[in-house]
Structures are given as structure tokens and as C-alpha cells.
Amino acid sequence: MKAIILIILSLSFASCALKKGPRTLSENAYDGLRFESLNRYDFNRLDQSKYAQKGIALCHKKQYNEAYKIFKTQLDNQKENPVYWNHLATCFLLEKKYPKAKFYYDLALSVAPKKSKIKSVIMNNLGLYYLNMNRPYLAQESFNNAIKGNKKYKTPKYNLAQVYLKFSQFNSAQKILTNLYKSSPKDIDFIYSLGHLNLMQGKYAKANKYFSLIPKKYMQRDDIATNYALSLYFSGQSNKAYKIVKNAHMDNSHYLFAQTELIKKIERTK
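Report on the accompanying structure. Within every chain, residues take consecutive numbers counted from 1 along the sequence as written. Only residues with pLDDT of 70 or above have their local features reported here, since the model is predicted, and side-chain atom pairs are shown and tallied only from 80 upward, although totals for entire chains, interfaces and linings are computed over all residues. As a rule here, side-chain values come from all non-hydrogen atoms in the structure, and water together with hydrogens is ignored.

Let's talk about the overall build of the protein
Here is the rule we go by: Think of it this way: any DSSP run of H or I at least four residues long counts as a helix, any run of E at least two long counts as a strand, and we number them from the N terminus. Three exposure classes are used, based on accessible area relative to the maximum for each residue type with a 1.4 Å probe and protein chains only: buried under 20%, partly exposed in between, and exposed over 50%. Should any heavy atoms of two residues lie within 4.5 Å, those residues are considered in contact. Note on areas: Shrake-Rupley with a 1.4 Å probe; residue coverage comes only from the protein chains shown.
Counting its regular elements, the protein contains 14 helices and zero strands. Buried positions account for 55% of the 270 residues belonging to the protein. Sequence separation of 24 or more characterises 54% of the internal contacts of the protein that already satisfy a separation of 6 or more. Entry remark: accessible area of the protein is about 13,200 Å², with carbon and sulfur atoms responsible for 51%.

Structure (C-alpha cells):
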């Protein structure tokens, strides 16, 4: 049964988003990366952000053609601006046009000051490019370089923790996630990641404690519902696990098998 535990990589871009959908957050209070990343912004928060009228927000909404028109009109005045090239590269990454994304990230790095916040932002996003290319060690190196460039920058720390989780480097992941949680104890994904970390280690009581801190309105999110339900099931709380997994959105195919199998397993014991 434990084979159906799923590892989720919920990675964050700086000033852009990996994907929309059930991972989005509607309140700033639950988003510890809100000053660094648009990864978890829903459309309402996007429209209220400082990027609302810029191409990067349109890319986040998958309105790529409209976004590229804006980038084109800005080109003459932005050629030496690393933020411009970083945003353009990120749009191509969101659109899964990976060669173009890499080209413009490299261009952004070439015009970025050696010791600057924007260089750390670019290195973080380059790490996400490497993950999409299935090159996790280069991704890890990029995240580490982003952190070295700006110690206060949370986004690459969060992304690096997800890589550590993927490869079961639990101590390294826990150190990062604990510090992130202390800095933003209401952040949904910091809480979720700590719950997931403990679930992966078989520490179900501790996992349940973290999962239970997540507000009810987000409890139906497929990643949260699935892993919380599994943790409850393994700790002998089948009825509660059943109720949570049955209330999951079930609109993410990545979790559907685990959800279905868990429901069947519990129903057979009733």
C-alpha cells in the first residue's frame, strides 16, 4: 500500500509561475513567497499585482501571443535589462519552448551585474529549466548558486528542498523547510512540504500534525488531500482518511490512481 505515496514537486519561479490550477492561493496571508514569486497567484491576485499590465502576468495566464506583443514593443528600451530577458525566458519556459527559454536565460545572465538580486532570480529559474530537462544535479547547482547570491531569497531554498525530497535527502530538506516554516508559518506549501516530508519517513503522527494546520478551503487540493489521507490511513484513522480523500478535487491525473486505490482499500475493510 505504501507504494502509492506520491512525491510532488511544487516548484516556484521568481516573478512567474510554473503552473496554475489547484495549487494557486487566493490570499496573500498564506503565501510566504508572495514578494518573490507569482507561482501560486490566482487570477484575482495576478490582476492586483504590480505585474498585472506586464507580459509576464499574461504568460502566467497562458496568453502568450498577447504577452509577446508587449515584449516586442519594449525591446528597444530593454536590451540591457536582465529583468526583461528573464521574464521573456520564463514565458518560453511556461510555454515549454525550452531552447528559447535557455537562450534568453543565458542572455539575461550576460547582462546582469555579477553581484545582484536579479542574478539570483535568473539562477533560480535556470534551475527550473534544468529540472524540465531532467538534469537535477545541474538544477541543484543553480538553486545553490541562487541562494549564495542572495541569502534572504526564499524561492530557491524552497525549490532546492523539493529536489532533496525527490531524492529522499530528508535531513537536508528538513533543515530548509523548517527555516522557511519559521519565517512564514501560515504558508500552505511550507506546511504541506513538512507534512509530506514526515509522511515519506513514516512519521505519521507528525505528518498529520502539519497537514491539519492547512485551512479547510485548501484541504480539497489533490496533493494535500491525497497525502493527508494516506498519512491518516497509515496511522489507523481510516474513516477520517476516507472523508478527506472523497472530498478531493480529483481533477489532477497525477493523484487519481493513489486516490482511487486508497478509496477501494478503505471500502473493502468497511
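Brief notes about the packing of helix H10 (residues 188-200) against helix H12 (residues 222-234)
Put simply, the rule is: An axis is simply a line fitted to the C-alpha atoms; with a helix, the fit covers only the stretch in contact. Between two such axes, the angle follows the N-to-C directions and lies from 0 to 180 degrees. The hand of a helix crossing depends on one turn: near helix anticlockwise from the far one by less than a right angle means left-handed, and clockwise means right-handed. Only Asp, Glu, Lys and Arg are considered charged in this grouping, and only Ala, Val, Leu, Ile, Met, Phe, Trp, Tyr, Cys and Pro are considered nonpolar; every other residue, Gly among them, is considered polar.
Relative orientation of the contacting elements H10 and H12 amounts to 35 degrees, with a least axis distance of 10 Å. Crossing handedness for the pair H10 and H12: left-handed. Here Ile188, Tyr192, His196 and Leu199 of H10 come into contact with H12, specifically with Asp223, Ile224, Asn227, Leu230, Ser231 and Phe234. Taken together, the residues of the contact of H10 with H12 break down into six nonpolar, three polar and one charged.

Considering the environment of Lys264
Residue position: Lys264 is located in helix H14 (residues 253-269). The class for Lys264 is partly exposed, based on a relative accessible area of 40%. Distance from Lys264 to Tyr242, taken between C-alpha atoms, is 9.7 Å for residues 22 residues apart in sequence.

Focus on the packing of aromatic side chains
Aromatic rings in a pair are described by how distant their centres are and how their planes are angled relative to each other. The line we're drawing: When the centres of two rings from Phe, Tyr and Trp lie within 6.5 Å, Trp using its six-membered ring, the rings pair. Their planes under 30 degrees apart give stacked, over 60 give edge-to-face, and anything left gives tilted.
Enumeration according to the criterion identifies 14 aromatic pairs in this entry. With a centroid separation of 4.8 Å and 80 degrees between ring planes, the pair formed by Tyr84 and Trp85 is classed as edge-to-face. Like Tyr84, the residue Trp85 is buried in the burial classification. Between Tyr137 and Phe167, the aromatic rings sit 6.2 Å apart at their centres with planes inclined by 20 degrees, giving stacked as the arrangement.

Quick word on the packing of helix H9 (residues 170-183) against H10
To be explicit about the condition: Roughly parallel means an angle under 35 degrees; roughly antiparallel means over 145; roughly perpendicular covers 65 to 115; every other angle is labelled oblique.
Two numbers describe how H9 lies on H10: the axes approach to 9 Å, and their chain directions differ by 155 degrees. On the basis of the axis angle, H9 is roughly antiparallel to H10. In this structure, H9 meets H10 at a crossing whose hand is left-handed. Packed against H9, whose contacting residues are Phe170, Ala173, Gln174, Leu177, Thr178, Leu180 and Tyr181, the element H10 presents Phe190, Ile191, Ser193, Leu194, Leu197 and Met200 at the interface.

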